[in-house]
Amino acid sequence: MDQREGSDYQVPLALPIRLFHRMLIRVLNRLVDFSHRHAWSVLLGGIALTICAGWVASFTLGVSTDTDLLFKASLPWRQQAVEMNKDFPQFTNLLVAVVDARIPEEADATANQLLARLSSDKVHFQTVRRPDANPFLAKEGLLFLQPKQLSALMDQTIDAQPFLGQLVADPTARGLFSALSLLGMGVTRGDADLSPYLAPIRGFHRAMADALDGHPRPLSWETLLGGGLSELAGPYRFVLAQPNQDFGSLQPGGAATDAMRAVIADLPFVKSGEAHVRITGQVALADEEFSTVAEGAVEGLIGSLVLITLWLFLAVRSWRLILPILMTLVLGLMMTVLFAALAVGTLNLVSVGFGVLFVGIAVDFAIQFSVRYREFRFETGDPELAMTETARRVGLQILIAALATAAGFLAFVPTAFEGVAELGLIAGAGMIMAFICTLGFLPAAITVFRPRGEAAEVGFAFGARMDAEIVSWRKPVLIGFGVLAAAAVAVSPMLRFDSDPLDTKNPHTEAMRTLRDLIDNPLTNPYTIDILAPNAAAAATLSDKLDRLPSVAGTISINSFVPSDQQEKLAVIADANTILAPTLAPHGAAAPITAEQIRLAAKTALAQIDPALPKLPKDHPLALLAGDLRRLQTAPDAVLIGANTALTEFLPAQMVHLRLALDAEPIVLGSIPADFARDWLLPDGRARVQVNPKSAAQSPAGLKAFVAQVTAVAPNAGGSAVTIAATADTIVGAFRQAAIYAVIAIAVLLLALLRRLLDTVLVMAPLLMSALLTLLIAVVLPLPLNFANIIALPLLLGVGVSFNIYFVMNWRSGQTHPLGSATARAILFSALTTATAFGSLALSAHPGTASMGKLLLISLGCTLLASLVFIPALLASLTPPAGGDN
């Protein structure tokens, strides 16, 4: 078979298909003719339909920002996540207030005040709690220290017994100065070692110096007396709130977050700058993501509209054609919105983007029709003949492009990625709406607006010269594309999918910065795994196995709150309590202190300290303290009272904590309070094991390895890390499945409507080429795929197949100079219009949206390169069809 015979090979059943083909053209011609002849009626009817569709949709179409709706509930990992959320609802939909302060007491006081205020706000919050402030931890905290650490702390506390006795009897500056005088007396007599007291003395000096300088700041008695117990708690305090969310809003937790911020701003230590409260958690992260996406959206939209209008003007050269195109787009969009309202009802976070896809592709249909109308208007000089010829020559092209694009979108409907499945359904239907509007409404609008005739050819003059160049260089061009395609195939294994959803978020928002700061904290680590064991004993066995895995940093279960070496530790605590209990026993309330009493106490203490100073180095902290006491004797009353408050504000509470901690009791599983245990035990006895990863899990590869290792030991594992990994698998699988369906559906459709295997291959080959070029660039940059930009792939499919269809069908009809044709002009400005619509996304402050914009621009550029260079070179290598095919 020679080349000519191969190019004319037609599919079986050619006669019925040819008859259907001709009938289809007649139907399209009549549709355009009806629109043209009844222009005013169609135009007014279209305007009325636009208004009605928008009005109906405004009442029936909703938007849900609930991310749980993005995946089918039947997926095993979704069912597992739902069950875990039902079992432990206290960990879902959280706003996490993270409190840090200069000293632990200020952090605790701020967290407790925030807890109390939020708990009373039932309008915005369902539950509010502080899991790190449970009385169980306050009483039993010493048992969680290592034995050596505990013994050292108890020895230090016993050494301070005389000092503590003075403070318990009089928890004011008067009692503190009396205790300090004991240190001076001991040094003078030579029987006192000040080494254990150096840190407290420095603390007293700083507190008094700040007060004397007019900036009193409370002293941390927890740091002075708590030792390792204070460090065990860490620098942060957490308030966990479950807000009432409005999923009809782009920021479901926005009202609750605003309410929390208002309370935070009114807290005393926050006002003074001593404490800081940041907000993170699932709700805050999601809300900030929506606000980041919206940031600059209005400016971007205005800029895009200006550029789109410019491209439309350059494409059609007349506002009399621009307005019909825009009206056609609005009508098609409103009809698609109405379809979405009736077929779906509530849009999800992915399907809400159908409008952008619709405009980006539907504008191509309208531009093609309008530019080709200009071409035939120039050739015939008669508006009616031009309209008829446009319908005859272009109508079928637009129909095939619309059907192929719709097939590409609808291929996503059977997938488990519900978000894109819904988007595919709406966008697929939208392509049909766009086609109907282009052939059923646009001719009427053009007729009513009566654009002037053309004075010159519509195609590009330089396009004809490019056609000649490509014909001359067709073999090197095709070889070059072949080399690039081979390179793309070779590097395809290097294309990375970033499965971490945090990487698509703006890293500079408060919630993200806070989360990164707390990445190693079990309360806020977003990469943990949860496993339900049958009981606590099974949880202990499972923890032992998991702790040995190379990617596991450690595990936490209910057993983690039954300390080891309890007998040894309890004996140490009991011995200390025997000695300290009489000293720490609460006295009656101390007499109110006056400024004059503080002066007298300072003078008395100084009298005991001064004799000791010659025996100490000149820069000893006690010498600095003596200087502070001298200044106090001449300070104003207000400064003295401020110094008293700074020195002793948190002293009484710390004495209570010390007495409570020295009363520790043995811990067994049954003695753990129910409210504390509920985070780890279910009523039926099942126990939760939380698996914390090493830092390597913060990378996609590390997270995948972490999940694989843990699930190999515990196949029923769930939690955020498992969900992230499973979500990535679901999304990639959905796009792989949809791509296969789309290619098959588009190929079958093209084969049926184009009637020739060669024409089908000519349309599909550039589509494959543009996909390979996009892949190559994404690897070279690199630009990894992620949850956001992967949605750009359907657009590549839709735009690419449309452009290719126009050129191939024109070639089949006898057009041998594609780049000098009006079609090339329409394709170029259609691509520029689409690029403008999506290009502004690349400038978004939201990394996911920006990456989507970049991938869209890359894929569109590759599509344009394949359409304007690869296809002409490919067609130039073939024998032109004889006589055309009309």
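Caption draft 1: Representation of the sheet that holds strand β7 (residues 529-533). The sheet built from three strands is open, its strands ordered β7-β9-β8 with antiparallel pairing. The sheet is open, and its two edges are formed by β7 and β8 (552-556), each paired on a single side. Each strand of the sheet is rotated relative to its neighbour by a mean of 25 degrees, with strand direction disregarded. In this structure, β7 lies alongside strand β9 (residues 687-693), joined through five bridges in antiparallel fashion. From the neighbouring strand, I529 faces β9, where its bridge partner is V691. Contacting β7, β8 and β9, helix α25 (residues 536-547) runs over the sheet at an angle of about 15 degrees to β9.

Caption draft 2: Spotlight on the environment of K505. The residue K505 is located in the loop between α23 (474-491) and α24 (510-517) in this model. Sequence-wise, K505 and L613 are 108 residues apart; in three dimensions their C-alpha atoms are separated by 59 Å. Residues contacting K505, with those up to four places away along its chain left out, are L285, E289, M512, H846 and P847.

Caption draft 3: Molecular detail of helix α19 (residues 383-410). At V394, α19 shows its largest bend, some 45 degrees. For α19, the N-terminal capping position is held by D382, with its side-chain oxygen 2.9 Å away from the main-chain nitrogen of E384.

Caption draft 4: A look at the packing of aromatic side chains. Scanning the entire structure with this criterion turns up 15 aromatic pairs. These aromatic residues form a ring-pair network of at least three members: F71, W77, F412, F417 and F735. Lying across the ring of F88, R688 places its NZ or CZ 5.5 Å from the centre. The ring of W680 has R688 lying over it, and the distance from NZ or CZ to the ring centre is 4.1 Å.

Caption draft 5: The arrangement of the sheet that holds strand β2 (residues 95-101) in detail. One open sheet holds the four strands; their spatial order is β3-β4-β2-β5, and the pairing between them is antiparallel. Only two strands of the sheet have a single partner each, and these edge strands are β3 (125-129) and β5 (275-280). Within this sheet the neighbouring strands show an average axis-to-axis angle of 20 degrees, counted without direction. As judged from the six bridges shared by β2 and β5, these two strands associate in the antiparallel manner. Opposite A97, over in β5, you have I279 as the bridge partner. Running at roughly 15 degrees to strand β4 (residues 237-243), helix α5 (residues 104-119) makes contact with β2, β3, β4 and β5 of the sheet. This element, α24, spans β2 and β5 of the sheet and lies at about 105 degrees to β5.

Calculation rules
Residues numbered from 1 in each chain as written. Predicted model: local features only at pLDDT ≥ 70, side-chain atom pairs only at ≥ 80, totals over all residues. Heavy atoms only, no water. Pairing = 2+ DSSP bridges. Helix = DSSP H or I, 4+ residues; strand = E, 2+ residues; numbered from the N terminus. Axes fitted to C-alpha atoms, helices over the stretch in contact; angles between N-to-C directions. Contact = heavy atoms within 4.5 Å. Bend = angle between axes of the 7 residues up to and from the residue. Polar contact = N/O pair within 3.5 Å; in protein donor to acceptor, adjacent residues only side chain to side chain. Phe/Tyr/Trp six-rings, centres within 6.5 Å; stacked < 30°, edge-to-face > 60°. Lys NZ or Arg CZ within 6 Å of the ring centre and 35° of its normal.

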